[in-house]
Amino acid sequence: MSKEKIVKKQAREALKGNTLPIIAGMLLSALVFVMLQNIMYVLMIAFDAIDLESERMNAGSDLPYFLVLTGTIIAGVLLSPFINGMYKAAANAVIKRENDITDLFCFFRGFRRYLKTLLVNLTVFLLYAVTVSSVNALLKTFADPGDIIRGLASGVAGFLAYALFMHYPLCLYAVDDSRSAGRYMFGYIGFSFRHFWALIKLIFSMLGWILLCFFVVPVLYVGPYALCAAINSAYWLKEADDEKSRGNIQQNYTGYTQQYR
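All values reported here derive from a predicted model rather than from experimental measurement. Counting from 1, residues in each chain are numbered in the order their sequence is written. Two thresholds apply to this predicted model, a pLDDT of at least 70 for residue-level local features and 80 or more for giving and counting side-chain atom pairs, whereas whole-chain, interface and lining totals are computed over all residues. Side-chain calculation: all heavy atoms of the structure are included, whereas hydrogens and water are not.

Enquirer: Is there a simple way to explain the nonpolar core in this structure?
Expert: Soluble, globular proteins show a tendency: their nonpolar side chains are buried together. Among the nonpolar cores identified, the biggest contains 43 residues, and Ile22, Tyr87, Leu227, Cys228 and Ile231 are the most heavily contacted of them. Helix and strand definitions here come from DSSP, where helices need a minimum of 4 consecutive H or I residues and strands a minimum of 2 consecutive E residues; each element is numbered from the N-terminal end. Contributions of two or more residues to this core are made by helix 1 (3-15), helix 2 (19-46), helix 4 (81-95), helix 5 (111-142), helix 6 (147-175), helix 7 (181-187), helix 9 (196-205) and helix 11 (219-245). The biggest single contributor to this core is helix 6, with nine residues. Residue contacts follow a heavy-atom distance rule, with two residues in contact if any of their heavy atoms lie within 4.5 Å. Residue contacts for cysteine 228: discarding those within four places in its chain leaves Ala11, Leu15, Ile22, Ala90 and Val94. Met40, Ala49, Ile50 and Val68 belong to the second largest nonpolar core, which has five residues in total. In this description, a nonpolar core means a group of buried Ala, Val, Leu, Ile, Met, Phe, Trp, Tyr and Cys residues linked to one another through side-chain atoms lying within 4.5 Å. Relative accessibility under 20% of the residue-type maximum defines a buried residue, over 50% an exposed one, and the middle range a partly exposed one, all with a 1.4 Å probe and only protein chains included.

So, in structure tokens, the structure goes:
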């Protein structure tokens with residue numbers, strides 16, 4: 001049995017009786033995003049900062065546009081621990097085989113933990129945004145490839161930025177948030193590069209399920225399934241790396257997961 005099949009089998013087992021808190025986390029995160037986006041547009045219109053037809057900034061509206069956009073981003077960062085809570089609900093399902101709706105609020109408990117979570121989120125989101133923005137700027141500066149090519153290039157850049165700067169740090173922060181903030185902010189970049197191919201293989205192994213999300217409703221199953229599989233993979237890859245660093249190089253990924261088949 002391949003590593004991906006083992007990981008997905010464990011994810012399906014983890015979801016038994018533990019799906020609803022993860023779905024609630026998905027819906028809550030989506031609701032917060034939509035709410036902030038709508039509030040931003042309402043304020044933009046109220047301050048006459050954008051043209052309704054083109055959705056571009058009106059001339060002379062630099063300050064209100066900047067203030068509304070900045071305020072929306074700050075509010076998004078302040079509420080971002082809900083995303084970590086969704087990951088935590090999935091991590092508890094994978095590791096403990098049980099979770100609870102209160103997992104969604106766990107990173108709001110304790111001022112230091114909340115600030116640490118904000119710092120981690122802000123850093124990984126900035127790394128993502130800078131990477132995508134840099135690629136878009138390069139495309140505009142050196143060539144005009146057209147909207148389709150530009151869109152594809154931006155999409156590829158977004159996926160790479162997510163895979164290298166966000167995916168493993170967020171997964172492993174949900175598994176164990178006891179390390180220093182810097183470890184999650186920058187310390188897992190090398191880990192992400194080393195295990196980039198493992199993520200690609202996992203995604204391709206779930207491609208059929210992912211394509212089903214075109215019909216929207218399957219997202220309620222595929223989302224928790226994919227998230228649990230991703231966290232499960234990250235967890236065992238980290239365990240394997242830790243064993244190797246301790247000199248137990250004979251143990252490997254399959255060996256870790258063998259007992260959970």
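Still to come is the rest of the account.
Enquirer: Please clarify how helix 2 should be interpreted in this entry.
Expert: The length a helix should cover is 1.5 Å for every residue beyond the first. With 28 residues, helix 2 should cover 40 Å at 1.5 Å per step; its first-to-last C-alpha distance of 41 Å lies within 8% of that length. Of all the positions in helix 2, only Pro21, Ile22, Ile23, Gly25, Met26, Ser29, Val32, Leu36, Met40 and Met44 are classed as buried. The inward-facing, buried residues of helix 2 contact helix 1, helix 3 (62-79), helix 4 and helix 11. Positive backbone phi, approximately 55°, marks aspartate 48, located one or two places after helix 2.

Enquirer: Sorry, what's going on with the layout of surface pockets here?
Expert: Rolled over the atoms, a probe sized like a water molecule indicates the empty space that remains. Think of a 1 Å grid over just the protein atoms. A cavity is a set of points where a 1.4 Å probe fits yet cannot get out, a pocket is an open set with protein on both sides within 12 Å along at least five of seven lines, and lining residues have an atom within 4 Å of a point. Grid points are joined across faces, edges and corners, and a volume is the space filled by probe spheres set on the points. Put simply, the largest pocket is a space of about 1,000 Å³. Taken together, 25 residues form the lining of the largest pocket, with Phe33, Gly76, Ile83, Phe125 and Met166 sitting closest to its centre. Within the residue set of the lining of the largest pocket, elements represented by two or more residues are helix 2, helix 3, helix 4, helix 5 and helix 6. Classification convention: Asp, Glu, Lys, Arg as charged; Ala, Val, Leu, Ile, Met, Phe, Trp, Tyr, Cys, Pro as nonpolar; all other residues, Gly among them, as polar. Looking at the lining of the largest pocket residue by residue, the class counts come to 20 nonpolar, five polar and no charged. Of the voids in this model, the second largest pocket is the one considered here, and its volume is about 420 Å³. As for the second largest pocket, its lining consists of 19 residues, and the residues nearest its centre are Tyr162, Ile210, Ala226, Leu227 and Ala230. For the lining of the second largest pocket, the element with the most residues is helix 11, which contributes six residues. Here the residues of the lining of the second largest pocket are counted per class, giving 17 nonpolar, two polar and no charged.

Enquirer: Sorry, what's going on with a nonpolar patch on the surface here?
Expert: What makes a patch is a set of residues exposed beyond 30% relative accessible area and free of salt bridges, joined within 9 Å when like-charged and within 5 Å when nonpolar (Val, Leu, Ile, Met, Phe, Trp, Tyr). Every accessible area reported is derived by Shrake-Rupley at a probe size of 1.4 Å, with residue values counting cover from the shown protein chains alone. Counted as salt bridges are all cases of a side-chain nitrogen of Lys or Arg within 4 Å of a carboxyl oxygen of Asp or Glu. Taken together, the side chains of Trp209, Leu212, Phe214, Phe215 and Tyr221 present a nonpolar region at the surface, about 560 Å² in accessible area. Within the secondary structure layout, phenylalanine 214 lies in the loop between helix 10 (207-212) and helix 11.

Enquirer: Honestly, the pattern of salt bridges in this entry has me stumped. Any pointers?
Expert: Oppositely charged side chains can form a pair if their charged atoms are brought close together. Taken as a whole and judged by the stated rule, the model has four salt bridges. Ionic pairing is found between arginine 97 and glutamate 13, a salt bridge with its closest N-O pair at 3.9 Å. Remark: glutamate 13 occurs in helix 1 and arginine 97 occurs in the loop between helix 4 and helix 5; sequence separation between them is 84 residues. On the accessibility criterion, glutamate 13 (27% relative accessible area) is partly exposed. Notably, a salt bridge pairs lysine 238 with aspartate 242, separated by 2.7 Å at the nearest N-O pair. Here lysine 238 pairs with aspartate 242, and both are found in helix 11, just four residues apart, close to one helical turn. Note on lysine 238: relative accessible area 9%, which makes it buried.

Enquirer: Hey, could you run me through the packing of helix 1 against helix 11 in this one?
Expert: Any two packed helices are characterised by the angle at which their axes cross and by the distance between the axes. Axes here mean lines fitted to C-alpha atoms, for a helix over just the part in contact, with angles spanning 0 to 180 degrees between N-to-C directions. With their axes 8 Å apart at the nearest point, helix 1 and helix 11 run at an angle of 120° to one another. With respect to their mutual orientation, helix 1 and helix 11 come out oblique. When you trace helix 1 past helix 11, the crossing you get is right-handed. For the pair helix 1 and helix 11, the contacting residues are Val7, Lys8, Gln10, Ala11, Arg12 and Leu15 in the first and Tyr221, Pro224, Tyr225, Cys228, Ala229, Asn232, Ser233 and Trp236 in the second. To sort the angles, those under 35 degrees are grouped as roughly parallel, those over 145 as roughly antiparallel, those from 65 to 115 as roughly perpendicular, and the leftovers as oblique. Here a crossing is taken to be left-handed if its near helix is turned anticlockwise relative to the far helix by less than a right angle, and right-handed if that turn runs clockwise.

Enquirer: Just to check I follow, could you spell out the packing of aromatic side chains for this structure?
Expert: For any two aromatic rings, the description comes down to two numbers: the centre-to-centre distance and the angle of the planes. Here a Phe, Tyr or Trp ring, Trp counted by its six-membered ring, pairs with any other such ring whose centre lies within 6.5 Å, and the pair is stacked when the planes are under 30 degrees apart, edge-to-face when over 60, and tilted otherwise. For the structure on display, the rule yields 14 aromatic pairs. Plain terms: the ring middles of phenylalanine 82 and phenylalanine 108 are 4.6 Å apart, the flat faces sit at 50° to each other, and that makes the pair tilted. With phenylalanine 82 in helix 4 and phenylalanine 108 in the loop between helix 4 and helix 5, the pair connects residues that are 26 residues apart, well separated along the chain. Residue phenylalanine 108 is classed as partly exposed on the basis of its relative accessible area of 30%. Each residue in the set Phe107, Tyr168, Tyr173, Tyr184, Tyr188 and Phe191 is aromatic and connected to the rest through ring pairs, giving one cluster.

Fair warning: the whole summary comes from geometry, so function is off the table for now.
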